[in-house]
Amino acid sequence: MNAHTPVLEAQAIAVTFGGLKAVDGISFTLKAGEIVGLIGPNGAGKTTLFNALVGLQRLTSGQVLLGGDKVSGLKPHRVAGKGMTKTFQNAALFPDMSVLENVLTAALLRHDLASARERAGAVLHRLGLGAIAQTDVADLTFPQKALVEMARALATEPKVLLLDEVMAALTPSEMDEVMAVIRSLRDEGLTFLVVEHHMRAIMALCDRLLVVNFGRLIAQGTPAEVANDPVVIEAYLGQGAAHGAATGAATGSTTVAGGAHA
Amino acid sequence: MRAKLTPGLVLLLLFFVAAALLPFYVDPRGHVLRIAAMALLFAALAQSWNIVGGLANQVSLGHAAFFGIGAYTSSLLYLRLGISPWLGLVAGAALAGLAAALLSLPTFRLKGHYFALATLAFAEVMRVIANSWASLTGGPVGVSIPFVGSQPLNFAFRAVSSYYWIILGLLALVCLVFGLLARGAIGYRLRAVRENEAAAEVAGVDTFRVKLTASVISAALTAVCGSVFAQFTFFFDPDSIFSLAGVSVRMAMIAIVGGLGTLAGPIIGALFLIPLEETANAFLSSKAAGLSQLVFGAILIAAILIQPRGIMAYWPKRWSRRAPSPAAPRAEPALAKGGQ
């Protein structure tokens, strides 16, 4: 891979369900070692976009390039083989398996059974989950499940990892720990695209943000740029609210506004 | 692979030893040994079914198709061309594996009930073909294997015990294959497919290939059981060999009642259900037509309602084998190397 080639390139990708344009011509690139946040109101198309990138959702049009190779149209396991995978928003673990077995299964992508076991143990250790390796996933707390999701994704040894709300149920200190792990993985060359509703985490973690609404990319830039973009504020607060917020008029949506700026 | 001797494995080995000794303690030509042989054959069938039904949760109601393919292939090769059923059963296994592969192309996109119905339809199609293509199969009259006395090379014996031991060996083989699959890499992948197919794909599991592999192996083993069944019973016809209730559903029921996806489940299920069915027949069939099936059916329903996870659910979980923990990793391993 050429140093100037973006590690991930989405070219005008669109996903249509019946008449609904869930993803409507989104283009963006990720450079190696970036942590990029994907934000937008509920129903904006974030999870559909993730599914489209990893091959779970067929594209209506457009294409996805990973390290310069076309991956759109491939099945998810091929995309994982080429180095991109995702976590599931509502922890889609294999419920009848232990934590270790969940992660081990993913490690089998690049290793035989014996060394997959070693790799899985290493990944769990790295995420601080070594103590619960033998636990049934059914017995885990929600935050633990989210972390095991992340461990399983990491066990495929991706170049690009898409994280769908892994920090949703974490306490602030747990969140700091996970962010430290993400940063250290980034320092080893991994690239992240992150969906997260915790604005504090997004602002602290991401180098760059992509903002989507109604399936379209409406803004992108550094966290500071995006936070002050009137288009973004309007997307979160509704029509006219940006103006209203700017003039200090009461909108009744202070919690949402607080969320967007916290 | 290191096979650790768990309590379950010890019990399983004891079962095989006890089963091997049984012909010395019962009438070698008698009814009891025939029922025992049939119970073992159905245990082997249920274990073959368990590879797809239990490990991958692809509930097939059409495995009679592969059973019949095995029976017809070995019998017709023997009767028409004089080829030993020992070779015929290999040919039957290959043919059934091929049929399973072809069937999987359209059916693997189907989930749950739709998959079950598609497989059921496939077995029905095979039954209709066997009935109507009389020039090849002999049609509704069925196939009779002539009694030729003792010809071991042609899979013909005088004593029931010889068939019994062959069937026991077949059960051991099918259990070994199941155990190797369940504990190997493909076992993890099959369980992942069973529990969340989308997540399995995203975690790098080629779900189609894994299911295909399991289906082909399962179908081939089922066909071997069919060939052995034909030699053992000397006679079968299209309606009995491709029977939905008598073969397809029975295989599934035995595995489900015993414990889906477990190694011992099909054996326990067969040892429980086949003698039960025989007893019901012996005591009730003279009382009223269909009464024995009714009672057997009621017991099945009760068993499923009382314990949907099967008899194996009562097995202490701490005795089960889990993936052992790896050694503590060295310092900080680099995770993010990726596929360069």
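In this numbering scheme, every chain counts its residues from 1 along its sequence in written order. Following the order in which they are written, the chains are lettered starting with A and the ligands numbered starting with 1. In keeping with the predicted nature of the model, local features appear solely for residues at pLDDT of at least 70, side-chain atom pairs appear and are counted solely at 80 or more, and the whole-chain, interface and lining totals rest on all residues. The side-chain numbers reported here are obtained from all heavy atoms of the structure, hydrogens and water having been left aside.

**Brief notes about the overall build of chain A**
Working step 1: Under the scheme used here, helices are H or I runs from DSSP no shorter than 4 residues and strands are E runs no shorter than 2 residues, and both carry numbers assigned from the N terminus. For chain A, the count of helices and strands is 11 helices and 10 strands.
Working step 2: Out of the 262 residues in chain A, the part that is buried amounts to 55%.
Working step 3: Counting contacts in chain A only where the partners sit at least 6 residues apart, residues at least 24 apart contribute 66% of the total.
Working step 4: Using the Shrake-Rupley algorithm and a 1.4 Å probe, accessible areas are obtained, with residue cover drawn only from the displayed protein chains. When the accessible area of chain A is evaluated, it comes to approximately 10400 Å², of which 53% is carbon and sulfur surface. Buried residues are those whose accessible area, probed at 1.4 Å on protein chains only, stays under 20% of the maximum for their type, while exposed residues exceed 50% and partly exposed ones sit between those limits. In this description, contact between two residues means that some pair of their heavy atoms is separated by no more than 4.5 Å.

**Here we look at the sheet that holds strand β2 (residues 20–30) of chain A**
Residues and elements named next belong to chain A.
Working step 1: Taken in spatial order, the 4 strands line up as β2-β1-β4-β5 in an open sheet, and their pairing is antiparallel. Of all the strands in the sheet, just β2 and β5 (69–70) have a single pairing partner and so form its edges.
Working step 2: Whether two strands pair depends on DSSP finding at least two bridges between them. Sheet topology note: the strand β4 (residues 61–66)/β5 ladder contains 2 bridges and is antiparallel. Bridge pairing in β5 links Leu 65 to Lys 70.
Working step 3: Lines fitted to the C-alpha atoms define the axes, with helices restricted to the stretch that makes contact. Angles between their N-to-C directions range from 0 to 180 degrees. Set on the sheet, helix α1 (residues 46–54) makes contact with β1 (8–17), β2 and β4; between it and β1 the angle comes to about 115 degrees.

**With respect to the sheet that holds strand β8 (residues 191–195) of chain A**
Residues and elements named next belong to chain A.
Working step 1: Strand order in the open sheet formed by 6 strands is β6-β7-β8-β3-β9-β10, with mixed pairing between adjacent strands. Sheet topology places β6 (84–86) and β10 (216–221) at the edges, where each strand pairs with a single neighbour. Strand-to-strand twist across the sheet, computed as the mean angle between neighbouring axes with direction ignored, equals 20 degrees.
Working step 2: Across 4 bridges, the pairing between strand β3 (residues 35–39) and strand β9 (residues 208–213) is parallel. Looking across to β9, one finds that Ile 39 is bridged to Val 211.

**Side note on the pairing of β4 of chain A**
Residues and elements named next belong to chain A.
Working step 1: Of the strand pairs in this sheet, β1 and β4 are connected by 5 bridges, and their pairing is antiparallel. By the bridge assignment for β4, Ala 10 is matched with Val 64.
Working step 2: Where β4 folds back on β5, the antiparallel hairpin that results is connected by 2 residues, among which Gly 67 adopts a positive phi of roughly 55 degrees.

**Quick notes on the domain arrangement of chain A**
Residues and elements named next belong to chain A.
Working step 1: Where each domain starts and ends comes from a domain assignment, either automatic or drawn from a database. Along its sequence, chain A is carved into domain 1 (8–83 + 158–227) and domain 2 (91–157).
Working step 2: On a C-alpha basis, the centroid separation for the pair domain 1 and domain 2 is 22 Å.
Working step 3: Domain 1 puts 19 residues into the contact, and the matching count from domain 2 is 13 residues.
Working step 4: Each of two parts loses accessible area, computed with a 1.4 Å probe, when they are put together; buried area is these two losses added. For the pairing of domain 1 and domain 2, the buried interface totals around 1200 Å² over both sides, and the portion due to carbon and sulfur atoms is 73%.

**So, the packing of helix α12 (residues 244–258) of chain B against helix α13 (residues 265–284) of chain B**
All names here are of chain B.
Working step 1: Contact geometry for α12 and α13: axes closest at 7 Å, N-to-C directions at 115 degrees. Where α12 crosses over α13, the handedness of that crossing is right-handed. In this structure, α12 contributes Arg 250, Met 253, Ile 254, Ala 255, Val 257 and Gly 258 to the contact, and α13 contributes Gly 265, Pro 266, Gly 269, Ala 270, Phe 272, Leu 273, Ile 274 and Glu 277.
Working step 2: Three classes are used: nonpolar for Ala, Val, Leu, Ile, Met, Phe, Trp, Tyr, Cys and Pro, charged for Asp, Glu, Lys and Arg, and polar for all others, with Gly counted as polar. Taken together, the residues of the contact of α12 with α13 break down into 9 nonpolar, 3 polar and 2 charged. When the near helix sits turned anticlockwise from the far one by under a right angle, the crossing is termed left-handed; a clockwise turn instead gives a right-handed crossing.

**Comments concerning a nonpolar patch on the surface**
All names here are of chain B.
Working step 1: Like-charged residues are merged into a patch within 9 Å and nonpolar side chains (Val, Leu, Ile, Met, Phe, Trp, Tyr) within 5 Å, provided each residue has over 30% relative accessible area and no salt bridge. We define a salt bridge as a contact between a side-chain nitrogen of Lys or Arg and a carboxyl oxygen of Asp or Glu at a distance within 4 Å. A cluster of nonpolar side chains, Phe 272, Val 295, Ile 299, Ile 306, Ile 311 and Tyr 314, forms an exposed patch at the surface whose accessible area comes to about 530 Å².
Working step 2: Looking at the nonpolar patch element by element, the count peaks at 3 residues for helix α14 (residues 291–306).
Working step 3: If you trace the backbone, Ile 299 turns up in helix α14.

**Looking at the nonpolar core**
Working step 1: Take the buried Ala, Val, Leu, Ile, Met, Phe, Trp, Tyr and Cys residues and link them wherever side-chain atoms come within 4.5 Å; each set so joined is a nonpolar core. By size, the foremost hydrophobic cluster in this structure holds 127 residues, and its most contacted members are Leu 8, Phe 28, Leu 53, Met 84 and Leu 193 of chain A.
Working step 2: When residues in this core are grouped by element, the largest group, 15 residues, is from helix α2 (residues 31–53) of chain B.
Working step 3: Residue assignment places this core across two domains, with domain 1 (8–83 + 158–227) and domain 2 (91–157) of chain A each supplying three or more.
Working step 4: Once you skip the residues sitting within four places of it in the chain, Phe 28 of chain A turns out to touch Leu 8, Glu 9, Ala 10, Leu 49, Leu 53, Leu 193 and Leu 210 of chain A.
Working step 5: Grouped together as the second largest cluster of nonpolar side chains are 54 residues, Ile 132, Leu 147, Met 150 and Ala 153 of chain A included.

**Let's talk about the packing of aromatic side chains**
Residues and elements named next belong to chain B.
Working step 1: When two rings of Phe, Tyr or Trp (its six-membered ring) have centres within 6.5 Å they constitute a pair, described as stacked for plane angles under 30 degrees, edge-to-face for angles over 60, and tilted for the intermediate range. Taken as a whole and judged by the stated rule, the model has 13 aromatic pairs over all chains.
Working step 2: Both rings, one in Phe 24 and one in Trp 165, keep their centres 5.6 Å apart while their planes meet at 45 degrees; by these two values the pair is tilted. Taken together, the positions of Phe 24 in the loop between α1 (7–21) and α2 and Trp 165 in helix α7 (residues 160–183) put the pair 141 residues apart, joining distant regions of the chain.
Working step 3: Taking relative accessible area as the criterion, Phe 24 reaches 58% and is therefore assigned exposed.
Working step 4: Ring plane angle 90 degrees and centroid distance 5.4 Å describe the contact between Phe 157 and Tyr 163, whose orientation is recorded as edge-to-face.
Working step 5: On the accessibility criterion, Phe 157 (12% relative accessible area) is buried.

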